[in-house]
Structure formats: C-alpha cells, structure tokens
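Coordinate analysis (summary)
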Amino acid sequence: MAEPLQSPAISRDAHAVGTLPPGPLANLLEEAASHIPDRPDRILALALEARDLAGDDALGQAFAAVYEGFARYLLSDHEAALPLLTRGLAAMEPLGDLAGRSLALGALASVHV
C-alpha cells in the first residue's frame, strides 16, 4: 500500500498573497487580509502602503490593487472598487497566480451583487 502524500507545512496564508515571495510586501498583504471584513479602513491603508512598496513588481501591484478595491467595496465605494479589482485581475491573469485571481474574482462578484 502506498504511503499518503505529505503536504509541506505552509507558514503563511497562500490565498492572501498567492505566489509573492515572503517579505515585507507579502507581510503587508497578509495583514490586510486579516482585517477582512471588519476593518476596511485598515485594509485600504495597508493596500496603499503595499502599492508604494511594490514598485515595479507586477504581481505586487496587482495584489495591492485587489486589496485596495476590496477595501473600497467594503467601504461601499463600488464605483472606485470596480476598476481597481478589474485592473488587478487583468494584471494577475498572465502571471498565472491562481490564488490572486480567486481573490480578485470573489471581490468582483461581491461588487456586482
């Protein structure tokens, strides 16, 4: 009988940061995720900080846009949320980050409900 496959231990929330490498940017986004849905003001502040920190990192910018859009949605600013989430999703698709796409699509669905 074959032995069951062992999953590697995951020490961070892969859904919150997808394939971003560990570091300050991933830490900011993980903290932002920890405040969903109760602290949209904090999510927004962290997303803006992440956007500045990401510089020219396409995936980092995409995640920052998604978290900013999610925060705007939670703050009932749907008109601002929609383009941010759409831009974040469009940027993630060619990068192949499935967790990020899932986060963006879920947030987009929430805006449209």
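What this report covers is the structure whose coordinates are included nearby.

This paragraph deals with the environment of Ala58. Considering the arrangement of structural elements, one finds Ala58 in helix 4 (residues 58-74). The exposure class assigned to Ala58 is partly exposed, which follows from its relative accessible area of 44%. Sequence-wise, Ala58 and Leu95 are 37 residues apart; in three dimensions their C-alpha atoms are separated by 8.4 Å.

Let's shift gears to the nonpolar core. In this structure, Leu20, Leu29, Phe63, Tyr67 and Leu85 are the most contacted members of the largest nonpolar core, which totals 32 residues. Mapped by element, the contributors of at least two residues to this core are helix 1 (14-17), helix 2 (24-34), helix 3 (40-54), helix 4, helix 5 (78-92) and helix 6 (98-112). Tallying contributions element by element places helix 4 first for this core, with 8 residues.

The next thing to look at is helix 3. Taking 1.5 Å per residue, 15 residues should reach 21 Å; helix 3 reaches 20 Å between its end C-alpha atoms and fits that length. Looking at the packing, one finds that the buried side of helix 3 touches helix 2 and helix 4. Following helix 3 by one or two positions, Gly55 has its phi on the positive side, about 55 degrees.

Below, the discussion takes up the pattern of salt bridges. One pass over the structure, following the stated rule, counts 5 salt bridges. For Asp41, the salt bridge goes to Arg39, with nearest N and O atoms at 3.5 Å. Residues Arg51 and Glu68 are paired through a salt bridge, measuring 3.4 Å at the closest nitrogen-oxygen approach. Of this pair, Arg51 sits in helix 3 while Glu68 sits in helix 4, and the two are 17 residues apart along the sequence.

Relative to the assigned elements, Ala91 resides in helix 5. Each C-alpha atom of the pair Ala91 and Gly60 lies 9.9 Å from the other, and the pair is 31 residues apart in sequence.

Criteria and thresholds
Residues numbered from 1 in each chain as written. Predicted model: local features only at pLDDT ≥ 70, side-chain atom pairs only at ≥ 80, totals over all residues. Heavy atoms only, no water. Helix = DSSP H or I, 4+ residues; strand = E, 2+ residues; numbered from the N terminus. Buried < 20%, exposed > 50% of the residue type's maximum accessible area, 1.4 Å probe, protein only. Core = buried A, V, L, I, M, F, W, Y, C linked by side-chain atoms within 4.5 Å. Expected span 1.5 Å × (residues − 1). Contact = heavy atoms within 4.5 Å. Salt bridge = Lys/Arg side-chain N within 4 Å of Asp/Glu carboxyl O.

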